[in-house]
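Next come the chains, spelled out residue by residue.
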Amino acid sequence: MNKVNSEQPDITDNDMLPEYDFTGGVRGKHYQAYRRGHTVTIHQADETTLVQHFTLEDGAVMLDPDVQEYFPNGEAVNQALRTLISLFPKNNESITPQSVE
């Protein structure tokens, strides 16, 4: 009989097959590499290989997990940022981490 870890929440996912076991998995293991971009190699049936490199699209922003908890989608992020923007004086061209203290 398996020992139940009381620290793990009891989450039941009816779509998850019993043979999938992620108890040894590490969340966010490839997070930083993914942000830099990643390459996918596809080996096709006709023995050719297709290599594609993916990066974030221009204007795309990847939220850190702690921030993402508060913003479920892009609309929520945009609404929050518009509220924040309205607090800045009109003569500021942009706000950068160096100018915020």
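The rules we used
Residues numbered from 1 in each chain as written. Predicted model: local features only at pLDDT ≥ 70, side-chain atom pairs only at ≥ 80, totals over all residues. Heavy atoms only, no water. Pairing = 2+ DSSP bridges. Helix = DSSP H or I, 4+ residues; strand = E, 2+ residues; numbered from the N terminus. Phe/Tyr/Trp six-rings, centres within 6.5 Å; stacked < 30°, edge-to-face > 60°. Patch = residues over 30% accessible without salt bridge, like charges linked within 9 Å, V, L, I, M, F, W, Y side chains within 5 Å. Areas by Shrake-Rupley, 256 points an atom, 1.4 Å probe, with all protein chains shown as cover. Salt bridge = Lys/Arg side-chain N within 4 Å of Asp/Glu carboxyl O. Buried < 20%, exposed > 50% of the residue type's maximum accessible area, 1.4 Å probe, protein only. 1 Å grid on protein atoms, 1.4 Å probe; cavity = no way out; pocket = protein on both sides within 12 Å on 5 of 7 lines; lining within 4 Å. Points joined across faces, edges and corners; volume = space filled by probe spheres on them. Nonpolar A, V, L, I, M, F, W, Y, C, P; charged D, E, K, R; others polar. Expected span 1.5 Å × (residues − 1). Polar contact = N/O pair within 3.5 Å; in protein donor to acceptor, adjacent residues only side chain to side chain.

Let us look at the pairing of strand β2 (residues 49–54). Of the strand pairs in this sheet, strand β1 (residues 38–43) and β2 are connected by six bridges, and their pairing is antiparallel. The residue bridging H38 from the neighbouring strand is F54, located in β2. Hairpin remark: β1 followed by β2, antiparallel, with five residues in the connecting loop; positive phi at E47, about 70°.

Before going further, it helps to examine the packing of aromatic side chains. Scanning all chains against the criterion turns up one aromatic pair. Ring centres of Y20 and F22 lie 6.5 Å apart, and the angle between their planes is 25°; this geometry places the pair in the stacked category.

This paragraph deals with a nonpolar patch on the surface. A cluster of nonpolar side chains, L81, L84, I85, L87 and F88, forms an exposed patch at the surface whose accessible area comes to about 480 Å². As for its position among the elements, F88 is in the segment after α3 (74–85). Accessibility expressed as a relative area gives 31% for F88, which makes it partly exposed.

Turning our eyes to something else, we now look at the layout of surface pockets. In this structure, the second largest pocket encloses a volume near 190 Å³. Counting residues per element, the lining of the second largest pocket draws most heavily on α3, which supplies four residues. Taken together, the residues of the lining of the second largest pocket sort by class into six nonpolar, four polar and no charged.

One can find L56 in the loop between β2 and α2 (65–68). Distance in space between the C-alpha atoms of L56 and G37 is 7.0 Å, their sequence separation being 19 residues.

On to α3, then. Over its twelve residues, α3 extends 16 Å from the first C-alpha to the last, a length consistent with the 16 Å expected when each residue adds 1.5 Å. Between the side-chain oxygen at the start of α3 and the backbone nitrogen of E75 there is a gap of 3.2 Å, and the oxygen is on N73.

Okay, unusual backbone geometry next. A positive phi angle, near 70°, is found at E47, a position not held by glycine. Its place among the elements puts E47 in the loop between β1 and β2.

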